[in-house]
Amino acid sequence: MATASGGDKGPPAATPPPQLESFLAIGLDQRTAENALANRKVTANLTAVIAEAGVTRCDKSVGNLLYTVATKYPANALVHRPDLIKYILSEKIKSSAQLDAALSFLSTLGPDSLDPVKFEEACGVGIFVSFEEIQSTVTDVLNENMEAIVEQRYRINVGSLCGQVRKRQPWGDAKSVKEEIEKRLVEILGPKTEADNAKPMKKKKEKPAKVEEEKTVSAPPSEEELNPYSIFPQPEENFKVHTEIFFSDGNIWRAHNSKSILEKHLKVTGGKVMTRFPPEPNGYLHIGHAKAMFIDFGLAKERNGHCYLRFDDTNPEAEKKEYIDHIQEIVTWMGWEPYKVTYTSDYFQDLYELAICLIQKGLAYVDHQTPEEIKEYREKKMNSPWRDRPIEESLKLFEDMRHGLIAEGKATLRMKQDMQNDNKNMADLIAYRIKFTPHPHAGDKWFIYPSYDYAHCLVDSLENITHSLCTLEFDIRRPSYYWLLVALGQYQPYVWEYSRLNISNNVMSKRKLNRLVTDKWVDGWDDPRLLTLAGLRRRGVSSTAINSFIRGMGITRSDNSLIRMERLEYHIREELNTVAPRALVVLHPLKVVITNLDYGTIISLDAKMWPNAPDSDASAHYKVPFSRTLYIEQSDFRLKDSKDFYGLAPGKSVLLRHAFPIKCTEVVYGDNPDSIVEIRAEYDSSKATKPKGVLHWVAEPSPGVEPLKVEVRLFEKLFLSENPAELEDWLGDLNPQSKEVIKGAYAVPSLANAMLGDKFQFERLGYFSVDSDSTPEALVFNRTVTLKDSYGKAGPK
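Remember, predicted model here, so these are calculated numbers, not experimental data. Numbers given for residues are sequential positions, taken from 1 along each chain in its written order. Only residues with pLDDT of 70 or above have their local features reported here, since the model is predicted, and side-chain atom pairs are shown and tallied only from 80 upward, although totals for entire chains, interfaces and linings are computed over all residues. Calculation of side-chain values draws on the structure's entire complement of heavy atoms; hydrogens and water are dropped beforehand.

1. A closer look at the overall build of the chain
Counting from the N terminus, the helices are the DSSP runs of H or I reaching at least four residues and the strands are the DSSP runs of E reaching at least two. When its secondary structure is counted, the chain shows 25 helices and 29 strands. Radius of gyration: C-alpha atoms only; globule rule: 2.2 Å multiplied by the number of residues to the exponent 0.38. A globule of 797 residues ought to have a C-alpha radius of gyration of about 28 Å, yet the chain, at 38 Å, is considerably larger. Here the term buried applies to any residue with accessible area under 20% of the maximum for its type, exposed to any over 50%, and partly exposed to those in between, with areas from a 1.4 Å probe on protein chains only. Taking all 797 residues of the chain together, 48% fall into the buried category. Any two residues having at least one pair of non-hydrogen atoms within 4.5 Å are treated as being in contact. Considering only intrachain contacts with a sequence separation of at least 6, the fraction spanning at least 24 residues in the chain is 70%. With residues, only the protein chains shown are counted as cover, and all accessible areas are computed by Shrake-Rupley using a 1.4 Å probe. Here the chain displays about 40,800 Å² of accessible surface, and carbon together with sulfur accounts for 50% of that area.

Structure below.
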């Protein structure tokens, strides 16, 4: 072939994807085929339909029907799709009307047995409508609409006329019906006139009369906002296909409950919703688990069902009694009551027997590959050398594993799934491994332990869970979850995934949290800087504030985005504003002597615990001593005043909260000009002075006696970056100023009786809670949250 000389030849033409060629080969036009390829779900469905049809090329009419099957087929009846395709290929179903009727029939039928007689009757198989019958029906419809035809002429709705014919002749050829109607309209009306071809004049919309004041009506809340659990189906609806499991050889399993299995399940549960909260007891729970609890326990509560607390205890090396006790205690603190507390280890015997059944079915085998070899073979999509060993041999070896006769690491039981599958979670997952480690709940009875991938779905089934709810990273495990249940003929729960909860400037991985605790980067699992639920509780956050935060985000599938810490803090402030009484505390005291108040004089003042309480309500007040010696914050005094400074300065007046205005008259220095040891001031007993600045303060309760001394701990974000989990050196991102301990703070006398769990607003400083390190003689307060967020937005006062 001759080629042009000189210049660039340009890049070679791109080879079209094989799916596009396949779609075009069944008669789809270019645009439809490309649109199908742009939608991953349509691509997968259409590829599967073509494979089931077993055709590489067909007429356009058949191809269009196959495309409709791929895009509109009801998911609850996928078991019958191959039968429908046979009807299309044999041209027993050859019109879109017939196909629509077939799809409607199958969606109602679901996975139940297909009665061919009823099916064929429902979609007009074998019915032939002659052209004469079409002509006769068209005549009847046109006569009935003649008045409108004469009045509207060619602007009559032809689609409506076609629809009236279809109602009487549902299996008539739609194209013939339309052509006949258009032909007859010309016969009745004659050729189109200029008036028929003219575009109709658009009527101008009348502007509504202006009203003096428009009121904005907000849209009513959606059903999901009113009830976030409304997205979940009822247990009796669990007969639809959960997922299609695609195999590399073109085989497809359609996971769904048969009618008999679902009826048996509903009989056991009484039709109630059954959920489970299944933490692994290998660490303390964090705020992400609060979202899981809200969904698992909340759905069961909303539907008047039950939720198990199930410990997923398949790894004895990482699990501790300490974690089990903590989880039970924290679930109760979060406001949830389990239906039963169970353990995956409660089902070890059932799981073992099901594993034997799996081997007997030829769907599991004992393997001797090392972890490194398993990884290599998976990457290369190669079968294990032991994959096809005889069933009896695997049964004998599995029994030896059970009795501790094979060393750790020398054998595993693997499920015989599909090593060539593009989904790595179908690559012969491990069902059992050998561990000579006593179990914290099951004791030393077992030498083999099931994997999560093997045990989780089976225990869901054994406990008759209706809704198996998990985070989005488990979405890719759906095929293996249902593969095992289908393989063993077990009841299949409804699985639904939701987005993980990730909050800025924190890590949520248990592995990373464990590293922080174990390597003593923080002060234990309940360190108030952590977003463990124990840490949040110690910091002074309530379970109701956490649940309010979770509810505010919703529980739908989302993009797994990062939630800003300020959003959680907002909900904390909203609650504390209503439950935390006010008190006066000075963190960094600066001594102030009131020179015009006699030594020994103590004035008892009333201070409000609640800003909006009436003055007449004695229960809403506490007593504050005002004496000659008092203390303000060091940061509330400057030698040089400025317009934007509302604190105290030489010659300047400020108002002491709940007390009197004072005016600075003298500054007493220490050994150098930078060291201020005392401020001298005069107070205005008449309160005639009206300064702008208002300061918090604490006074000596009696002459020469220090105010109540307390320890205060201030917490900032634990990490400097918004998303430290993405950093390779995430520990290097720890905030060195995340914790400040102030041992010499002064407080009003009323705080002396504060007890563990008590919460206060220290005026102008933030919300604080009594820490567990407190003793009656030495109180410790944790700052729960500031009065403003990190952007300076004021919270409630």
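2. Some thoughts on the packing of helix α4 (residues 60–72) against helix α5 (residues 81–89)
α5 packs onto α4 with a crossing angle of 165° between their chain directions and a minimal axis gap of 10 Å. In terms of their interaxial angle, α4 and α5 are classed as roughly antiparallel. α4 and α5 meet at a crossing whose hand is right-handed. Facing Val 62, Leu 65, Leu 66 and Val 69 of α4, the residues of α5 in contact are Arg 81, Leu 84, Ile 85, Ile 88 and Leu 89. Interaxial angle, 0 to 180 degrees, is taken between N-to-C directions of lines fitted to C-alpha atoms, where a helix line uses only the stretch in contact. Throughout this description, any angle smaller than 35 degrees is read as roughly parallel, any larger than 145 degrees as roughly antiparallel, any in the 65 to 115 degree range as roughly perpendicular, and the remainder as oblique. Working rule for handedness: look at the near helix, and if it is turned counterclockwise from the far one by less than a right angle, call the crossing left-handed; if clockwise, right-handed.

3. Some thoughts on the packing of aromatic side chains
To pair, rings of Phe, Tyr and Trp, with the six-membered ring standing in for Trp, must have centres within 6.5 Å; the planes then decide the type, stacked if under 30 degrees apart, edge-to-face if over 60, and tilted in the middle. With the rule as written, the count across this model stands at 32 aromatic pairs. An angle of 85° between the planes, with centres 5.0 Å apart, marks the rings of Phe 232 and Trp 496 as edge-to-face. Here Phe 232 is found in the loop between α13 (223–226) and β1 (243–246), whereas its partner Trp 496 is found in strand β11 (residues 494–498), with 264 residues between them in sequence. Accessibility assignment for this pair places Phe 232 and Trp 496 in one class, buried. One aromatic cluster is present, formed by Phe 348, Tyr 352, Phe 398, Tyr 432, Trp 446, Tyr 449 and Tyr 454 through successive ring pairs. In this structure, Arg 402 packs its charged tip against the face of Tyr 352, placed 5.8 Å from the ring centre. Criterion for a charge above a ring: Arg CZ or Lys NZ at most 6 Å from the ring centre, at most 35 degrees from the ring normal. Between the NZ or CZ atom of Arg 537 and the centre of the ring of Trp 333, over which it lies, the distance is 5.2 Å.

4. A word on the nonpolar core
Leu 84, Ile 88, Ile 93 and Ile 181 are the most contacted members of the largest nonpolar core, which has 51 residues in total. The residues contacting Ile 88, other than those within four sequence positions of it, are Val 62, Leu 65, Leu 66, Val 69, Ile 93 and Leu 99. For this analysis, a nonpolar core means a set of buried residues of the types Ala, Val, Leu, Ile, Met, Phe, Trp, Tyr and Cys, connected via side-chain atoms within 4.5 Å. Of all hydrophobic cores here, the second largest spans 50 residues; its members include Leu 597, Tyr 683, Val 698 and Leu 779.

5. A look at the environment of Leu 714
Of note, Leu 714 is situated in strand β25 (residues 708–715). Overall, the relative accessible area of 10% leaves Leu 714 in the buried class. Sequence separation of Leu 714 and Phe 781 is 67 residues, and the distance between their C-alpha atoms is 8.8 Å. Among residues more than four places away in sequence, those in contact with Leu 714 are Leu 587, Ser 738, Lys 739, Glu 740, Ile 742, Phe 768 and Arg 783.

6. Notes on the sheet that holds strand β7 (residues 412–415)
Strands are labelled as partners when DSSP assigns at least two bridges between them. Spatially, the 4 strands line up as an open sheet ordered β6-β7-β8-β9, and their pairing is antiparallel. The sheet terminates laterally at β6 (364–367) and β9 (448–450), the two strands that pair on one side only. Pairs of neighbouring strands in the sheet enclose a mean axial angle of 20°, with direction left out of account. Contacting β6, β7, β8 (430–434) and β9, helix α19 (residues 391–402) runs over the sheet at an angle of about 60° to β6.

7. With respect to the sheet that holds strand β5 (residues 341–343)
Strands sit in the order β3-β4-β5 across an open sheet of 3 strands; the sheet is parallel. Pairing within the sheet leaves two strands with one partner each, and these edge strands are β3 (274–277) and β5. For this sheet, the mean angle separating the axes of adjacent strands, direction not counted, is 35°. Both strand β4 (residues 306–311) and β5 contribute to a ladder of 3 bridges, which runs parallel. Considered in β5, the bridge of Leu 309 is made with Val 341. Relative to the sheet, helix α16 (residues 321–333) contacts β3, β4 and β5, its axis offset from that of β4 by approximately 160°.

Any functional reading would require information beyond the geometric quantities listed.
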